[in-house]
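Read off the chains here:
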Protein chains: 2
Amino acid sequence: MGMSQDNLRGFILALLSSVFIGASFIIKKKGLRRAAAVSGVRAGYGGYAYLLEPLWWLGMVTMIVGEVANFVAYAFAPAILVTPLGALSIIVSAILAHFMLKEKLHQLGVLGCIMCISGSVIIVIHAPQESPITSVQEIWAMATQPAFLLYLGSVIVLVVLLILYFAPRCGHTNVLVFTGICSLMGSLSVMSVKALGTALKLTFEGKNQLVYLETWFFMFIVATCVIIQMNYLNKALDTFNTAVVSPIYYVMFTSLTIIASVIMFKDWDGQNTGSIISELCGFIAVLCGTILLNSAKDFDRGSSFRGEHAPLSPTLSTGLFSGNRETLKHDEENELLPDDICLRKQEPY
Amino acid sequence: MGMSQDNLRGFILALLSSVFIGASFIIKKKGLRRAAAVSGVRAGYGGYAYLLEPLWWLGMVTMIVGEVANFVAYAFAPAILVTPLGALSIIVSAILAHFMLKEKLHQLGVLGCIMCISGSVIIVIHAPQESPITSVQEIWAMATQPAFLLYLGSVIVLVVLLILYFAPRCGHTNVLVFTGICSLMGSLSVMSVKALGTALKLTFEGKNQLVYLETWFFMFIVATCVIIQMNYLNKALDTFNTAVVSPIYYVMFTSLTIIASVIMFKDWDGQNTGSIISELCGFIAVLCGTILLNSAKDFDRGSSFRGEHAPLSPTLSTGLFSGNRETLKHDEENELLPDDICLRKQEPY
């Protein structure tokens, strides 16, 4: 397969991350169910019994482990490899829901799973190898090359335009406004997370990068981007159906991240055309699988494409920010426990 | 892309074949509709007005051109490349039906199309290159190598078992019996078609192969295999829903053809693991797309997975035998013109 050691590590970490994140939904769900059964008060109605439920805490820990694994994966493997693999957590979640929560997996859902897996395999096989990075200043040089500055500039201009001009005018009617802001900021988040992760990795390897201003600057960028991204993801999810938001968000977020990664890390230098096309086809396959898996849920509940149910996608595409996941968790729980239809969003647990 | 000249030729021929075959369904359908409108008697009720309709004849010619292109494609490119690409005719057909017959293409159908195309691209990129063949005796040597003889022997034993033991007992209750016979014979058909095609190609290039007994033997094998295959495909389609038969048939036929081709032509020798896995993933993607495109038709007509409608798959997988297509044409027409529900099978037109 010709996979480098670092790519393999990143791949395994991304895979583990998907398994943990996918499993965490199910475990937390089980915890919530059990807590509701014991106390008789549901979380959505102000009950806090789940805080006494070890299963719920286990779910939280599982999720945090997953997030950390995802973060570390970026330090080893290119974003082109790690980001699309986030879609696998949807599969883990669907399969576990089938076996542990006895939710029926629709025929189309199985097809979606198969597509996601075969697409992921193609992405993994054709993932580019990154040239080893020896200091945070090298990343800084990459981030300040003209091509990436152009990308950065365009993103900032677009985001400012979207926030100041479009958001007040059509933010609540056009789904692309808020998701666009999230996705654009998301691509910058991943790039800065990758920079920070690499710096921390080097630090752990003995080459202390904390003495450089660049490391702290990247940390600041991560925080800023994640906060903006989270803020607008919340707005998008409050305004539109998760089923509408999430596929659009997954497509835009992953595409922009791939573009940013290719520009900044020159991931495709030295790759032949065949590999690049294969990677794109693999990405398309994962995408189709994700969309299919989401629609399958709707088919299961009667009418076609009702678009009322929350799919998992955005949670996967924002795999590294537990803040986002926090926001989505509530939808998630609605999704996994159809009788719990009253869990309010934004409830603090 | 590193595609050889011959692979490229085979690929273009396979693509053209899919376009012609896909288009022929639509053209013939239009011809039938027009003939019915003029004469007032439908083909299914014994009308022969379509024989006076130029559009119907154009459709027939288009189909024959497509079949010939498919046959020639096998002479240039490996079966691993040509056979799965047959699935593209379903896409051509679906898209043309959308524009020319104003049939609505379901969202899932679009997703299926995208899957088939991206899977096909992956198959094309990773198709193995065949070592050039200089005489029919070389193919004879490949066909008589122990490994292929073992495959041949197993196929014959299985087919005999299925015909003599299983067909009388559960042929009419288990869909795998008749489709199994078709698929097993189909893999031999493709291999002998490939041998015959290569021999004819060499003959046209000036190296006359008709003087060798092997060429005539392959011709005999083609005829035998195709007749058996056609016969049992008819039985399968008479006994079971096309929607049940065709995906199973497509999977078994294509898989067995790939296995036979790999054994006989050693297609995977010199290929690295990554390419082989990519090819398989591409095949899976095409497969998922085909299944999805078939199910989309059902969703379009109300209930989920009704399984009453004839999808195109078997016609594609038997792309080279117009006999099979003839048998399927009637289903095809039911499919494309929902109000023509009474076109009887086996009607001679």
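Criteria and cut-off values
For every chain, the first residue of the written sequence is number 1, and numbering continues from 1 along that sequence. Each chain is given a letter, starting from A, and each ligand a number, starting from 1, according to the order in which they appear as written. Whole-chain, interface and lining totals are the exception, using all residues; otherwise, since this is a predicted model, local features are given only for residues with pLDDT of at least 70 and side-chain atom pairs are given and counted only at 80 or more. Hydrogens and water are ignored here; the side-chain numbers use all heavy atoms of the structure. Nonpolar cores were defined as sets of buried Ala, Val, Leu, Ile, Met, Phe, Trp, Tyr and Cys residues, with membership established by side-chain atoms within 4.5 Å. We call a residue buried when its accessible area falls under 20% of the maximum for its residue type, exposed when it is over 50%, and partly exposed in between, using a 1.4 Å probe and counting protein chains only. Under the DSSP-based scheme used, a helix requires at least four consecutive residues in state H or I and a strand at least two consecutive residues in state E, with every element numbered from the N terminus. Residues count as neighbours in contact if any of their non-hydrogen atoms are within 4.5 Å of one another. Buried area is understood as the total, over both parts, of accessible area removed when two parts are fitted together, assessed with a 1.4 Å probe. Here a polar contact means two N or O atoms within 3.5 Å. Within protein one must be a hydrogen donor candidate and the other an acceptor candidate, and residues neighboring in sequence count only if both atoms are side-chain atoms. Residues are grouped as follows: Ala, Val, Leu, Ile, Met, Phe, Trp, Tyr, Cys and Pro are nonpolar; Asp, Glu, Lys and Arg are charged; every other residue, Gly included, is polar. Note on disulfides: each one is a pair of cysteine sulfur atoms within 2.5 Å. Axis lines are fitted through C-alpha atoms, for helices just across the contact stretch, and the angle between N-to-C directions can take any value from 0 to 180 degrees. For classification, angles of less than 35 degrees are called roughly parallel, those exceeding 145 degrees roughly antiparallel, those between 65 and 115 degrees roughly perpendicular, and all remaining angles oblique. Crossing handedness is defined as follows: a turn of the near helix away from the far one that is anticlockwise and smaller than a right angle gives a left-handed crossing, while the clockwise case is right-handed. The score called pLDDT rates the predictor's confidence residue by residue, from a low of 0 to a high of 100. When the copies are overlaid, the least-squares fit takes in C-alpha atoms only where the residue has pLDDT of at least 70 in both copies. Any carboxyl oxygen of Asp or Glu that lies within 4 Å of a side-chain nitrogen of Lys or Arg is treated as forming a salt bridge with it. Distance thresholds for patches are 9 Å for like charges and 5 Å for nonpolar side chains (Val, Leu, Ile, Met, Phe, Trp, Tyr), applied to residues having over 30% relative accessible area and no salt bridge. The protein chains shown are the only cover counted for residues, whose accessible areas, like all others here, come from Shrake-Rupley with a 1.4 Å probe. Working definition: rings of Phe, Tyr and Trp (its six-membered ring) pair if their centres are within 6.5 Å, and the pair is stacked with planes under 30 degrees apart, edge-to-face with planes over 60 apart, and tilted otherwise. Charge-over-ring placement is defined geometrically: NZ (Lys) or CZ (Arg) within 6 Å of the ring centre, and within 35 degrees of the ring normal.

A. Inspection of the nonpolar core at higher detail. Counting 70 residues, the largest nonpolar core has L81, F178, I181, M191 and M264 of chain A as the members making the most contacts within it. For this core, the element with the most residues is helix α8 (residues 175-204) of chain A, which contributes 14 residues. Residue contacts for I181 of chain A: discarding those within four places in its chain leaves V159, L162, I163, I228 and Y232 of chain A. Membership of the second largest hydrophobic core comes to 69 residues, among which are V124, M191, F253 and V286 of chain B.

B. Structural context of the interface of chain B and chain A. Listed as interface residues are 25 residues of chain B and, on the opposing side, 25 residues of chain A. Buried surface at the junction of chain B and chain A, summed over both partners, amounts to about 2100 Å²; 83% is from carbon and sulfur atoms. Viewed at the interface, chain A and chain B are joined by one residue pair in polar contact (both at pLDDT 80 or more). When residues of the side of chain B that touches chain A are assigned to their parent elements, the largest contribution, twelve residues, is made by helix α11 (residues 273-300) of chain B. Partitioning the side of chain B that touches chain A into residue classes produces 16 nonpolar, nine polar and no charged.

C. Local environment of the state of the cysteines. According to the stated counting rule, one finds zero disulfides over all chains in the structure shown. Here C113 of chain A is not disulfide-linked; the sulfur of C116 of chain A is the nearest cysteine sulfur, at 6.7 Å. Cysteine C170 of chain B is unpaired, with the sulfur of C182 of chain B as its nearest cysteine sulfur at 15 Å.

D. Geometry of the packing of helix α1 (residues 5-39) of chain B against helix α4 (residues 88-100) of chain B. All names here are of chain B. At a closest axis distance of 8 Å, the pairing of α1 and α4 adopts a crossing angle of 40 degrees. Taken together, the axes of α1 and α4 lie oblique to each other. α4 is crossed by α1, and the crossing has right-handed handedness. Of the residues in α4, those touching α1 at L15, S18, V19, I21, G22, A23, F25, I26 and K30 are L88, S89, V92, S93, L96, A97 and M100.

E. Structural view of the confidence of the model for chain A. Residues and elements named next belong to chain A. Chain-level statistics for chain A give a pLDDT mean of 78 and a share of 81% at 70 or above. Within the model, pLDDT remains below 50 along residues 301-349, and this stretch shows 154 contacts once partners closer than five positions in the same chain are excluded. This prediction of the complex comes with two scores: 0.73 for pTM and 0.71 for ipTM.

F. Seen up close, unusual backbone geometry. Residue and element names in this part refer to chain A. Of note, K266 is a non-glycine position whose phi angle comes to about 50 degrees, a positive value. With respect to the element layout, K266 can be found in the loop between α10 (242-265) and α11 (273-300). Judged by relative accessible area, K266 falls into the partly exposed class, the value being 41%.

G. How the structure looks around the relation of the copies chain B and chain A. At an RMSD of 0.1 Å, chain B and chain A line up after a rotation of 180 degrees and a shift of 0.0 Å along the axis. Such a combination of turn and shift is consistent with a two-fold rotation axis. Closest approach to the rotation axis within chain B is made by the C-alpha atom of A285 of chain B, at a distance of 3.5 Å. The residues that chain B uses at the interface reappear at the interface of chain A in 96% of cases, marking a shared surface.

H. View of the pattern of salt bridges. Following the criterion strictly, the structure yields six salt bridges over all chains and no others. In this structure, K201 of chain A engages D6 of chain A in a salt bridge whose closest nitrogen and oxygen atoms are separated by 3.7 Å. Taken together, the residues span a long stretch of sequence, with K201 of chain A in helix α8 and D6 of chain A in helix α1 (residues 5-39) at a distance of 195 residues. In this structure, D6 of chain B and R9 of chain B form a salt bridge, with 3.3 Å as the shortest nitrogen-oxygen distance. Of the two residues, D6 of chain B and R9 of chain B are both situated in helix α1; the distance of three residues between them amounts to about one turn of the helix. Judged by relative accessible area, which is 28%, D6 of chain B ranks as partly exposed. Using a relative accessible area of 41% as the deciding quantity, one classes R9 of chain B as partly exposed. Among the charged side chains, a network of salt bridges with common partners joins D6, R9 and K201 of chain A.

I. Main features of a nonpolar patch on the surface. All names here are of chain A. A contiguous nonpolar surface patch, about 450 Å² in accessible area, is contributed by L8, I12, L16, F20, V61 and V65. Those elements that provide at least two residues to the nonpolar patch are α1 and α2 (54-76). For the nonpolar patch, the element with the most residues is α1, which contributes four residues. Here L16 shows up in helix α1. For L16, a relative accessible area of 40% puts it in the partly exposed group.

J. Structural view of the packing of aromatic side chains. Considering all chains together, one arrives at 14 aromatic pairs over all chains under this definition. Measuring from ring centre to ring centre gives 5.0 Å for Y165 of chain A and F166 of chain A, while their planes differ by 80 degrees; the resulting arrangement is edge-to-face. Overall, the relative accessible area of 42% leaves Y165 of chain A in the partly exposed class. Judged by relative accessible area, F166 of chain A falls into the partly exposed class, the value being 32%. When the ring of W140 of chain B is compared with that of F218 of chain B, the centres are 5.9 Å apart and the planes differ by 65 degrees; the resulting orientation is edge-to-face. Placement of W140 of chain B in helix α6 (residues 136-143) and of F218 of chain B in helix α9 (residues 213-239) is noted, with a sequence separation of 78 residues between them. Using a relative accessible area of 30% as the deciding quantity, one classes W140 of chain B as partly exposed. One aromatic cluster is present, built from ring pairs that chain together W140, F217 and F218 of chain A. Cation over ring: K194 of chain A sits above F265 of chain A, and NZ or CZ is 5.3 Å from the ring centre. Looking at R169 of chain B, its charged tip hangs above the ring of Y165 of chain B, at a distance of 4.0 Å from the centre.

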